[in-house]
Amino acid sequence: MAVAAAAARVWGSSRGLGRVGLLLRRPGARGLARSHPQRQQQHFSSLDDKPQFPGASAEFIDKLEFIQPNVISGIPIYRVMDRQGQIINPSEDPHLPQEKVLKFYKTMTLLNTMDRILYESQRQGRISFYMTNYGEEGTHVGSAAALDSTDLVFGQYREAGVLMYRNYPLELFMAQCYGNVSDLGKGRQMPVHYGCRERHFVTISSPLATQIPQAVGAAYAAKRANANRVIICYFGEGAASEGDAHAGFNFAATLECPIIFFCRNNGYAISTPTSEQYRGDGIAARGPGYGILSIRVDGNDVFAVYNATKEARRRAVAENQPFLIEAMTYRIGHHSTSDDSSAYRSVDEVNYWDKQDHPISRLRHYLQSCGWWDDEQEKAWRKQSRKKVMEAFEQAERKLKPSPSLLFSDVYQEMPTQLRKQQESLARHLQAYGEHYPLDHFEK
Amino acid sequence: MAATAVTVGRLLRLRAAGAEGHWRRLRGAGLLRGFLQPASADGDAAQRRQVAHFTFQPDPEPLEYGQTQKMNLFQAVTSALDNSLAKDPTAVIFGEDVAFGGVFRCTVGLRDKYGKDRVFNTPLCEQGIVGFGIGIAVTGATAIAEIQFADYIFPAFDQIVNEAAKYRYRSGDLFNCGSLTIRSPWGCVGHGALYHSQSPEAFFAHCPGIKVVIPRSPFQAKGLLLSCIEDKNPCIFFEPKILYRAAVEQVPIEPYNIPLSQAEVIQEGSDVTLVAWGTQVHVVREVASMAHEKLGVSCEVIDLRTIIPWDVDTVCKSVIKTGRLLVSHEAPLTGGFASEISSTVQEECFLNLEAPISRVCGYDTPFPHIFEQFYIPDKWKCYDALRKMINY
């Protein structure tokens, strides 16, 4: 049936011709000549029997064969270090200076410490919600380090390490999670929806993958402005199923945009494993379908992430074309504080990644083998980083929330008349019924 | 989608050429000679494709903006876009088929004039078009996106409502996409049916953070579109497609602005307030004449122009004066924007009302093809509703 269908497609409507006849005929001019020697052949001006279709640049084939998607032996995973932090191929070692590699390590561990404390604070009812980054710190830091500080970042929600690498202070992370007066976002969004204009990190939004076509637009504008800037767009393998991802990839390729698509493939979208998210060879294999240069890397190898991002950045800006990096990693933590992943995966599986293949451990082994780190420094740093986080945390908790009048601003650049009336209405309401509202926790 | 759009365009051109021209072309082909009779020779009204349900009323030539030129609505749009790209080097125009001039010819000549990096086609993907436009605007550049028909704006609904509208608010004003404008052909066209006739303004009216603007004429279109493009908030500009060719008037060549969120009282009156937008303004204008002639009733006609944020004050001030309100739109009755106007006016002007507020709208059905003449809120339905209000 498939053969008949294929033949029908070649010959057009099969009405009136009979299926059997179709099966016997072969496509192509030579086939016609054999069956109907008396029929005149229509020749194109070219003597070659080449396809003329505008839609594809390819040769003819007279063998019926479906292309087999290769998922058993997929796109290989680029890495620089083994799981013990040893460089495999010295020519791939980026030979970064000690100070920089220490910054990688301290950023990843500080993030880890902040995650532990803020996750716990949600459990205690101090903040409403939190998402940890356990296991994916390498994807954040390796990629952030390979960018210029002015490259614009569009994230999904699990990229706090990128902001941290750009020196976003603990005070501001906490302020956003607490929604206090110091929050640059004015308390409007749930925790972990960070944004920072100064550090070129576009504010996170909850809907998944919406940032992907936006990042492409930003890249197009950067190209037009000759800004020598790359745009990087992070998303998970789950978000890559959204229509917006398809839209973004296609636009980036057709409009020749200097953008890095960075997919964190961490194995799960909440409870949905990758086997239920896609059937092809992950996200990297989709790139070539759009005409995009693609690579798969070991996301737990901070140097592999660094090298791939660095090269992608260089070429994206120089050649005005998109790059797709699929960073394989593992989400060690729950999806969020609203999730208990023991419901859908084993503790053993999680422990494997925590103990045997963790970006922080691998980098620590590397540092130690270079003589740039030791147990004493580790102990001191753990104490110091925990102290820093706790201080910021206690301060954030003490601060007031922003004034309720900020509920109404920034809907538009200017406040419309009707909205001002609503703002005044709330003010009057609070005058009469204020005792029923937690006004003490808010600025006037 | 594109094939149908070209057909619609062709049909609009045929309509403009007139019935005779159409049949002349067929006779010339020799295929149908003697087989088909021209409709006009027949004289049976039922066989003829319908004439328009409105008469476009041009406004008097504007004198305060310099030299004017006769333009139809799509030419006025082109003029606005031309002015924008000339003034603002960051401005770009993109969407399906805009490069060759657009299926409604709104972007003719712009690619040649401003370059292929500024006027370009995108792949066929509305969510991509709007998302891409948001991203351009986030960097501060001016993004003018075209959605080929308002009927196809829905794949972009998430990007518009969840992203564009909320960008400034959710970021605490760290980021915004105010320099995004989305333009889209809108409203009934005589034969558009379900997917080439929709007026989706009500879906977007429920979304704080965006502006929705609908012009009634070429002069209004250019001034309002320029204001949308320059406005620091994301705007949706719906262009009544039936007016693209049918509406012709003198339009200034230089740029000028018509303010947003300001309704216009285009005719003063004392007995009834009629509110409409887009094509329907011309319908209710005619109803006002009919009411004056047949009933001796004086109507105040208001073109709302901006759907959100809408000009409550102008409408209420009028209803306080007249005591009666009729709102009319092509979009279906239930949940249509007339509901919002009606609800607000009865809150603000309850004691001034002499009669219940009347809404004359499309029926609660998808937009039909062969039944269009029966579906639309034409002048007879509006007139009848007005008469009932007067006699209440």
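Residues numbered from 1 in each chain as written. Chains lettered and ligands numbered in written order. Predicted model: local features only at pLDDT ≥ 70, side-chain atom pairs only at ≥ 80, totals over all residues. Heavy atoms only, no water.

Chain B has the name 2-oxoisovalerate dehydrogenase subunit beta, mitochondrial in an unreviewed UniProt entry, where Tursiops truncatus is given as its organism. Word for word, the UniProt comment on chain B under Cofactor (unreviewed entry) is "thiamine diphosphate". Quoted verbatim from the Catalytic activity (unreviewed entry) field of the UniProt record, the comment on chain B reads "N(6)-[(R)-lipoyl]-L-lysyl-[protein] + 3-methyl-2-oxobutanoate + H(+) = N(6)-[(R)-S(8)-2-methylpropanoyldihydrolipoyl]-L-lysyl-[protein] + CO2". (UniProt positions renumbered as here; feature names shortened; annotations may be inferred.)

By the naming in an unreviewed UniProt entry, chain A goes by 2-oxoisovalerate dehydrogenase subunit alpha and is assigned to Tursiops truncatus. As recorded by UniProt, the Catalytic activity (unreviewed entry) comment attached to chain A reads in full: "N(6)-[(R)-lipoyl]-L-lysyl-[protein] + 3-methyl-2-oxobutanoate + H(+) = N(6)-[(R)-S(8)-2-methylpropanoyldihydrolipoyl]-L-lysyl-[protein] + CO2". The record in UniProt for chain A states the following under Subcellular location (unreviewed entry): "Mitochondrion matrix".

**Section: the pairing of strand 7 (residues 235-240) of chain B**
Looking along a regular strand, one sees the side chains alternate between the two faces of the sheet. Residues and elements named next belong to chain B. Taken across its six residues, strand 7 has six buried, putting it largely inside the fold. Alternating positions in strand 7 separate into two faces, C235, F237 and E239 on one and I236, F238 and P240 on the other, with burial throughout. Sheet analysis places strand 5 (residues 180-186) next to strand 7, joined by six bridges and oriented parallel. Counted as the bridge partner of R183 is F237 from strand 7. Relative to strand 7, strand 6 (residues 211-213) runs parallel, the two being bridged by three bridges. (Buried < 20%, exposed > 50% of the residue type's maximum accessible area, 1.4 Å probe, protein only. Helix = DSSP H or I, 4+ residues; strand = E, 2+ residues; numbered from the N terminus. Pairing = 2+ DSSP bridges.)

**Digging into the sheet that holds strand 4 (residues 143-146) of chain B**
All names here are of chain B. Spatially, seven strands are ordered 3-2-4-5-7-6-12 in an open sheet, and the strand pairing comes out mixed. Only two strands of the sheet have a single partner each, and these edge strands are strand 3 (119-121) and strand 12 (306-308). Between one strand axis and the next, the sheet turns through 20 degrees on average, direction left out of account. (Axes fitted to C-alpha atoms, helices over the stretch in contact; angles between N-to-C directions.)

**Considerations on the pattern of salt bridges**
Residues and elements named next belong to chain A. Under the definition given, this model contains 41 salt bridges over all chains. Residue R126 pairs with E397 through a salt bridge whose shortest N-O separation is 2.3 Å. Here R126 is found in the loop between helix 4 (98-123) and helix 5 (137-146), whereas its partner E397 is found in helix 14 (residues 375-398), with 271 residues between them in sequence. A relative accessible area of 31% places E397 in the partly exposed class. Linking R264 and E159 is a salt bridge whose minimum nitrogen-to-oxygen distance equals 3.0 Å. One end of the pair, R264, is in strand 5 (residues 259-265); the other, E159, is in the loop between strand 2 (152-154) and helix 6 (160-165), and 105 residues separate them in sequence. For R264, a relative accessible area of 1% gives the class buried. The class of E159 is buried, set by a relative accessible area of 1%. (Salt bridge = Lys/Arg side-chain N within 4 Å of Asp/Glu carboxyl O.)

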